[in-house]
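Chains, contacts and geometry: an overview
Letter by letter, the chains look like this.
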Amino acid sequence: MPDQVNPADSAGGDVRTGGGPGRLLVAVYGVFALAAGARAAVQIATRFDEAPVAYLLSALAAAVYVLATVALALGGRASRRIAVAACSVELAGVLVIGTFSLADAEAFPDETVWSGYGRGYGFVPLVLPVAGLVWLWRTGRKGTRTPA
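Residues numbered from 1 in each chain as written. Predicted model: local features only at pLDDT ≥ 70, side-chain atom pairs only at ≥ 80, totals over all residues. Heavy atoms only, no water.

**What about the nonpolar core?**
Operational definition: Within this scheme, the nonpolar core is defined by two criteria: the residues are buried Ala, Val, Leu, Ile, Met, Phe, Trp, Tyr or Cys, and they are joined through side-chain atoms within 4.5 Å. Throughout this description, buried means an accessible area under 20% of the type-specific maximum (1.4 Å probe, protein chains only), exposed means over 50%, and partly exposed covers the range between. In what follows, a contact means two residues having at least one pair of non-hydrogen atoms within 4.5 Å.
Grouped together as the largest cluster of nonpolar side chains are 29 residues, with contacts concentrated most on L25, Y29, Y65, L72, V113, W114 and L128. Among all residues touching L128, those that are not within four sequence positions of it are L25, V28, Y29, F32, Y65 and E90.

Spelled out as structure tokens, the structure:
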């Protein structure tokens, strides 16, 4: 008996990334987009001269979180590519900025979302892009299934 194929698989080749367990991922990305965006906005508006690089990096992180949230929620082919790019940029950012902030703490007079690998956010910024990429890989594999 052939495997059952999800209608989403045969329709466009993609399983929705924002459905099922992906809803939790979209929700967490949404919360981080709001948290990082609000933090960056307040810091830029009130103390920009104290640590401009750190605050702009937090704003960049917020923009990446917004992009990932929307792309994961939409889940089409183009959105999947955008989500992969956003999660990859996020992972690179948290690894590079996390390492740099620990190696040269004086370069960051105030923390960013990605400082210390997301230490100020319970290391969620380190885990979140990995979870996103794994989810995209899993749903992408489901989307390439063909009937026997």
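Now that the structure has been shown, we can carry on.
**Points about the packing of aromatic side chains**
We apply this condition: Two aromatic rings, drawn from Phe, Tyr or Trp (for Trp, its six-membered ring), form a pair once their centres lie within 6.5 Å of each other, and the interplanar angle then sorts them: stacked below 30 degrees, edge-to-face above 60, tilted otherwise. Runs of E in the DSSP output that reach at least two residues are strands. Runs of H or I that reach at least four are helices, and both are numbered from the N terminus.
Under the defined criterion, the tally for this structure stands at four aromatic pairs. With a centroid separation of 5.8 Å and an interplanar angle of 70°, the aromatic rings of F32 and Y65 are classed as edge-to-face. Of this pair, F32 sits in helix α2 (residues 22-47) while Y65 sits in helix α3 (residues 52-74), and the two are 33 residues apart along the sequence. Residue Y65 is classed as buried on the basis of its relative accessible area of 0%. Pairwise contacts between aromatic rings join Y29, F32, Y65 and Y121 into one cluster.

**Quick word on the environment of R23**
Mapped onto the secondary structure, R23 falls in helix α2. Sequence separation of R23 and L72 is 49 residues, and the distance between their C-alpha atoms is 8.7 Å.

**Side note on the environment of A41**
As for its placement among the helices and strands, A41 is situated in helix α2. In the structure, A41 is positioned 17 residues away from S58 in sequence and 9.0 Å away in space, judged by C-alpha atoms.

**Considering the packing of α3 against helix α4 (residues 77-103)**
Spelled out, the test is: Axis geometry follows a simple rule: fit a line to the C-alpha atoms, using only the stretch in contact for helices, then measure angles between N-to-C directions, giving values from 0 to 180 degrees. Put simply, angles under 35 degrees are roughly parallel, angles over 145 are roughly antiparallel, angles from 65 to 115 are roughly perpendicular, and the rest are oblique. Helix crossings fall into two classes, left-handed where the near helix is turned counterclockwise from the far one by less than a right angle and right-handed where it is turned clockwise. In this count, Pro and Cys sit with the nonpolar residues alongside Ala, Val, Leu, Ile, Met, Phe, Trp and Tyr, while Asp, Glu, Lys and Arg are called charged and the others, Gly among them, polar.
At their nearest, the axes of α3 and α4 sit 8 Å apart, and the two run at 150° to each other. With respect to their mutual orientation, α3 and α4 come out roughly antiparallel. For α3 against α4, the interelement crossing comes out left-handed. Counted together, L57, V64, Y65, L67, A68, A71, L72 and L74 of α3 and S79, I82, A83, A86, V89, E90 and I97 of α4 form the full contact between these two elements. Along the lines of polarity and charge, the residues of the contact of α3 with α4 split into 13 nonpolar, one polar and one charged.

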